[in-house]
Amino acid sequence: MDLAKMAVSINKAINTQEVAVKEKHARTCILGTHHEKGAHTFWAAVHRLPLSSNAVLCWKFCHVFHKLLRDGHPNVLKDSMRNKPDLGDMSRMWGHLSEGYGRLCSIYLKLLITKMDFHVKNPHFPGNLQMTDRQLDEAGENDVNNFFQMTVEMFDYMECELNLFLAVFSSLDMSRSMSVTATGQCRLAPLIQVILDCSHLYDYTVKLLFKLHSCLPADTLQGHRDRFQEQFKKLKRLFYRSSNLQYFKRLIQIPQLPENPPNFLRASALSEHISPVVVIPLEASSPDSEPLVETEDLVDTDTPPQPSSLENKFDDLFGTSSATDPFNFNSQNGTYKDDKDRLIEQLSREIRALKEELETFRLESGRLVQALRSQVSELEAELAEQAHLKQQALGEGEFLRAELEDLRRVKEDTEKEQRCLTEIERKAQANEQRYTKLKEKYTELVQSHADLLRKNAEVMKQMTVARAAQGEVESVRHEMQEKVKLAKEEAELREQEQVEQLQVLQRDLCSSREELETLRATVVSSQQASEELSGRLEALQGEKESLSDRLVQKEAELSGLGAELQRVQQSLASERESGVKASEALQNQLNEKESREQALESQLASARWAALQGALEEAQRIVQDSLSRLDDPAHISCTSSADYLVSRSQAALECVDRLQAAQDRYLTDRTDVSELLRSVAHFGHLVGDTIVQGSATSHMVPLEQADSLSEAVRVCGTEALGFLSRLKEEESLGSVDSARLRDHLASIQAIAEKLRPRGLELQQGELGDLVEQEMSATSIAVEAAAARIEEMLSKSRAADSGVKMEVNERILASCTELMQAIKVLVLSSKDLQRDIVESGRVSGAASTKEFYAKNSRWTEGLISASKAVGWGATVMVDAADLVVQGKGKFEELMVCSHEIAASTAQLVAASKVKADKDSGNLAKLQQASRGVTQATASLVASTKSGKSQIEEKDTMDFSSMTLTQIKRQEMDSQVRVLELETWLQKERERLGELRKKHYELAGVAEGWGEEDGTG
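Residues numbered from 1 in each chain as written. Predicted model: local features only at pLDDT ≥ 70, side-chain atom pairs only at ≥ 80, totals over all residues. Heavy atoms only, no water.

Asks: Looking at this model, I keep getting lost on the overall build of the chain. Mind explaining?
Replies: Assigned secondary structure in the chain consists of 30 helices and zero strands. In the chain, which comprises 1015 residues, the proportion classed as buried is 36%. Counting only contacts in the chain whose residues sit at least 6 apart along the sequence, the fraction spanning at least 24 positions is 77%. In the form shown here, the chain has an accessible surface area of approximately 61000 Å², with 54% of it arising from carbon and sulfur atoms. (Helix = DSSP H or I, 4+ residues; strand = E, 2+ residues; numbered from the N terminus. Buried < 20%, exposed > 50% of the residue type's maximum accessible area, 1.4 Å probe, protein only. Contact = heavy atoms within 4.5 Å. Areas by Shrake-Rupley, 256 points an atom, 1.4 Å probe, with all protein chains shown as cover.)

Asks: Would you explain the packing of helix α19 (residues 642-668) against helix α20 (residues 674-698) in this entry?
Replies: Axes are the key here: two packed helices are described by the angle between their axes and the distance separating the axes. As a packed pair, α19 and α20 sit with axes 8 Å apart at the nearest point and diverge in direction by 155 degrees. By the criterion of interaxial angle, the relationship of α19 to α20 is roughly antiparallel. Note on packing geometry: the crossing formed by α19 with α20 is left-handed. (Axes fitted to C-alpha atoms, helices over the stretch in contact; angles between N-to-C directions. Parallel < 35°, antiparallel > 145°, perpendicular 65-115°, else oblique. Left-handed = near helix turned anticlockwise from the far one by under 90°.)

Asks: Got a minute to help me understand the nonpolar core in this structure?
Replies: When a protein is soluble and globular, its nonpolar side chains tend to lie buried together. With 95 residues, the main nonpolar core has Ile-14, Phe-42, Phe-61 and Phe-125 as its most contacted residues. The biggest single contributor to this core is helix α11 (residues 191-213), with 14 residues. Discounting residues that sit within four places of it in the chain, Phe-125 has contacts with Phe-118, His-119, Met-131, Leu-136, Ala-139, Met-150, Met-154 and Tyr-204. Leu-645, Phe-723, Leu-733 and Ala-752 belong to the second largest nonpolar core, which has 45 residues in total. (Core = buried A, V, L, I, M, F, W, Y, C linked by side-chain atoms within 4.5 Å.)

Asks: Whenever I open this one, helix α8 (residues 133-140) confuses me. Can you help?
Replies: Spacing of three or four residues puts side chains on the same side of an α-helix, whose turn is 3.6 residues. For α8, the complete set of buried residues consists of Leu-136, Ala-139 and Gly-140. The buried residues of α8 occupy an angular sector of 90 degrees when the element is viewed end-on, so they sit on one face. Where α8 is buried, its residues touch α9 (144-171) and α11. (Arc of directions from axis to C-beta.)

Asks: Any chance you could explain the packing of helix α21 (residues 703-728) against helix α22 (residues 739-755) here in plain terms?
Replies: Orientation of α21 relative to α22, taken along the N-to-C sense of each, is 155 degrees, at an axis distance of 9 Å. Accordingly, the angle class assigned to the pair α21 and α22 is roughly antiparallel. The two elements α21 and α22 cross, and the hand of that crossing is left-handed. Listed contacts from α22 to Gln-705, Ser-708, Leu-709, Ala-712, Val-713, Val-715, Cys-716, Glu-719, Ala-720 and Phe-723 of α21 are Arg-740, Leu-741, His-744, Leu-745, Ser-747, Ile-748, Ile-751 and Leu-755. Tallied by class, the residues present in the contact of α21 with α22 amount to 12 nonpolar, four polar and two charged. (Nonpolar A, V, L, I, M, F, W, Y, C, P; charged D, E, K, R; others polar.)

Asks: Explain unusual backbone geometry to me, please; I cannot follow it from the model alone.
Replies: Note: most peptide bonds trans; most residues except glycine with negative phi. Even without glycine at this site, Glu-141 takes up a positive phi of about 55 degrees. You can see Glu-141 is positioned in the loop between α8 and α9. Even without a glycine there, the phi angle at Asn-142 is positive, about 55 degrees. Locating Asn-142 in the fold gives a position in the loop between α8 and α9.

Asks: I'm lost on the packing of aromatic side chains in this one. Help?
Replies: Working definition: an aromatic ring pair is given by the centre-to-centre distance plus the angle between the planes. Using the criterion set out here, one finds 19 aromatic pairs in the structure. Judged by centre distance (6.2 Å) and plane angle (15 degrees), the ring pair of Phe-42 and Phe-65 falls under stacked. Residue Phe-42 is found in helix α3 (residues 40-46), and its partner Phe-65 is found in helix α4 (residues 55-71); the two are separated by 23 residues along the sequence. For the pair Phe-42 and Phe-65, a shared accessibility class is recorded, and that class is buried. Relative to Phe-65, the ring of Trp-43 has its centre 5.2 Å away and its plane inclined at 70 degrees; by these criteria the two rings are edge-to-face. Here Phe-65 lies in helix α4 and Trp-43 lies in helix α3, a separation of 22 residues in the sequence. (Phe/Tyr/Trp six-rings, centres within 6.5 Å; stacked < 30°, edge-to-face > 60°.)

Asks: Any chance you could explain the pattern of salt bridges here in plain terms?
Replies: Here the idea is simple: oppositely charged side chains can pair when their charged atoms come close. This model, assessed by the stated rule, comprises 26 salt bridges. We note a salt bridge from Arg-740 to Glu-719, for which the minimum N-O separation is 3.5 Å. Here Arg-740, found in helix α22, pairs with Glu-719, found in helix α21; they are 21 residues apart in sequence, far enough to count as distant. Here Glu-719 falls in the buried class, since its relative accessible area comes to 9%. (Salt bridge = Lys/Arg side-chain N within 4 Å of Asp/Glu carboxyl O.)

Asks: How should the confidence of the model for the chain be read in this particular structure?
Replies: Do not read the predicted coordinates in detail wherever pLDDT is low. Predicted confidence across the chain gives a mean pLDDT of 76, with 78% of residues reaching 70 or more. Across residues 283-337, confidence stays below pLDDT 50; counting only partners more than four residues off in sequence or on other chains, it has 28 contacts. Overall, residues 1007-1015 carries pLDDT values under 50, and its contacts beyond four positions in sequence, including any with other chains, amount to 22 contacts. (pLDDT = per-residue confidence, 0-100.)

Asks: Looking at this structure, I do not really get a negative patch on the surface. What am I missing?
Replies: Taken together, the side chains of Glu-412, Asp-413, Glu-415 and Glu-417 define an acidic patch exposed on the protein surface. Relative to the elements of secondary structure, Glu-412 occurs in helix α15 (residues 337-480). (Patch = residues over 30% accessible without salt bridge, like charges linked within 9 Å, V, L, I, M, F, W, Y side chains within 5 Å. Lys, Arg positive; Asp, Glu negative; His and termini not counted. Charge placed at Lys NZ, Arg CZ, Asp CG, Glu CD.)

Asks: Sorry, what's going on with the state of the cysteines here?
Replies: Here a disulfide denotes a covalent bond joining the sulfur atom of one cysteine to the sulfur atom of another. This structure, assessed with the given rule, holds zero disulfides. Here Cys-62 stays free of any disulfide, with the sulfur of Cys-58 as its closest cysteine sulfur at 4.3 Å. Taking the relative accessible area as the measure of exposure, Cys-62 reaches 0% and is therefore buried. (Disulfide = S-S within 2.5 Å.)

Asks: What's the story with the side chain of Arg-70 in this structure? I'm lost.
Replies: Assignment of secondary structure puts Arg-70 in helix α4. We classify Arg-70 as buried; its relative accessible area is 6%. One polar contact links Arg-70 to Gln-193, side chain to side chain, over a distance of 3.4 Å. The contact partners of Arg-70, leaving out residues within four places of it in the chain, are Lys-115, Gly-127, Asn-128, Gln-193, Leu-196 and Asp-197. (Polar contact = N/O pair within 3.5 Å; in protein donor to acceptor, adjacent residues only side chain to side chain.)

Next up, the structure:
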């Protein structure tokens, strides 16, 4: 077969049209693989197709590739294994789409990858999975472990097949007849291959499970039985849905699975198992071809046969010549009897031949009748089957209606539950509002209680004042008479009782009045004895009356205060009782909230621990993946430098310290797990990177050193895995020590230090001085360039005029701005260098020179960048001088501008390597770099604008040229274009070689060759 024809068929089969793949193109691809005994042509054609940008194209590729894996040459699998990683990447890429062909392509690619892995692990299985029972036994080598593993792989294979089945059906709109449209058939066509695979996988799974149950206990195979039950239900439902689609009815006969799955616990059930057989009719093997009706063999029964045809047939049998007709007695005239006998015999033979022919005709008619009857029986059987399918469809419809009713009831229940939930939420909100109101009421009660306490204190104070006033009255009485003093003492004793205060005062008042009457009589009798005593008595009587009035007032006030106190005490008691009830309710709610908070706190602690476990497991996977790369043959081509390994190992050591600190912080406060999570993730990445870079560095060093470095990396990875495993155990979390891990990382760093290049040891002491010299030289060069630009600008203003002076001024002004920006950049770089050196000295370097010597490679890059900036500024000034004088080219100035931008970017990158990301000088340096970029762009724009103003454009006038002259000029232009294109291509190649040579020389100058020689 012509391979070009195969490539054409591949492109026709795999296109962007949303129609099913034509069978003839797929068949040509399959025959092509058998012709070339492989799939090289197929993959060569596929690699030119944009599978990652068109989902329909990728879907049809999967369909054709599935056919080739099933029916193509056995070497198709071997030739396709090298493209397996690309298929995996494409599957993950399409998996980001959640609908349409993108999701289908992702699932189909996973299925194809699973199929390839299955056939690689089980080479006895052909691509179409057709095997006998004996071949199935040979594939397992009569080993129960092999049969067990093979069953698990078949389950995984079947799972991928069913996932594709379900994805295709879920992407179709089953409410419309999608199976009869071109888009629907495009999605359904690959399911024919899936049905063929599933039928064989189901059959082999049943047989293997019966074989396993005969060798292993039933409890051991419980997981196998559960997984088979789930896949059986899905496969049966999908087979039933597929058999009812109009598209599949004319292409494939889908088997029906039994009502119940096989009972593997009963060994005799194997004899009841019937292997499902998928039949593809020959006349319907091509989905793009329609059956043709042969009309030539049909007989028109409406037209009666013509007599001429019967006469011709009779003439063919008996002859037509009247002269030779033996029954024509008119012509016999004396024929002999022997002639009659011969004629009779001849007629007898012909009659016998006719009878045999008639018998043959009858047999043929009977056979045809029998065939027609069988066809009628088949049609009746098909009609009965259709009726049965109709009954099944009706039953399915009833079942679906019942399910719909159930769904409606479930929906109603859900709505009721939703309403109940809404009501509960509303009640909860009302309770929350009630709780808020109660809280406010409780606050008011507390406030009112405090006010009442203050009022009570004031009342007690007033009572104290009243008691003091009454004491004054009693003291006066004591002065008057000892009996008044006795009454005062009795009144004071009675007043101490709060409940009987009023009665005591009244009794005292009565006794005082009686005593006053007695005193009056005594005074009257004593007036005669002494006039002085009478005067005193009159004065005392006046005082007594006033005191009596005050006493009455105080008694009235005291009685009012007693009533007020009693009322306040009652109110306070009621308020206290309601407050106690409210506080009890609030205490109950507070207890409930505390219990909920405790539950949430326990859940939060579990979530923190689960997050920590997940981070530790992810870190273990990262480290394990890095260790697995050490044995990967594809990793042998990866290389790295000892300097980079030193930096990675140093970062890993620092990360171990941070992880230890985060661990201690977590042990102190179990609620703070964020820092530990970040440290674990960072630890996993850095340790994995150290392992990978250590292995890559070992590929560049001598064998003995490579073995020691590889062994150190492996031991470090194993220790890191053990360290993470110990962190996962909560009991041993507090006793985990990272000292051994630090030792292993330090050993890796020490080995890497020994592998670092030693070519510049003699000059390391001079590197610090050289950096300062180059930075100073760069500043001097920039200052000199700026001075030259000012001088050129003065000369241009004196010598030029018009457009040329305007262009020169614009270009020189842009050059001046660029020089100022470069000057700011150099100054910012110097400030940042001082910060870097100071931070380096703090971290371990004793002096500036030692710091530059310790970081020699970085120092050499910084020196190279400084030289490039100074050289670029000088060359740009020379180019600008020539342009102003009219001797230079504008292109040279633009190239110099781009070169300065690249040199400043190199200087910024070299300074940024060792700088702290939060440094203020680093931000200033980046801002200065952006200023240089803007100034460079401004200079390029000014140069282009000046070039367009100065250069004169010739006006193309072709009005006076003839057709021949125009044709000649056209040919000359084409020749010129070809010459310029050839020259441009050569110049680009020369530029590439120059850049390559520049790279080599820069590598030699900075010690790259020495590092390679050392590695």
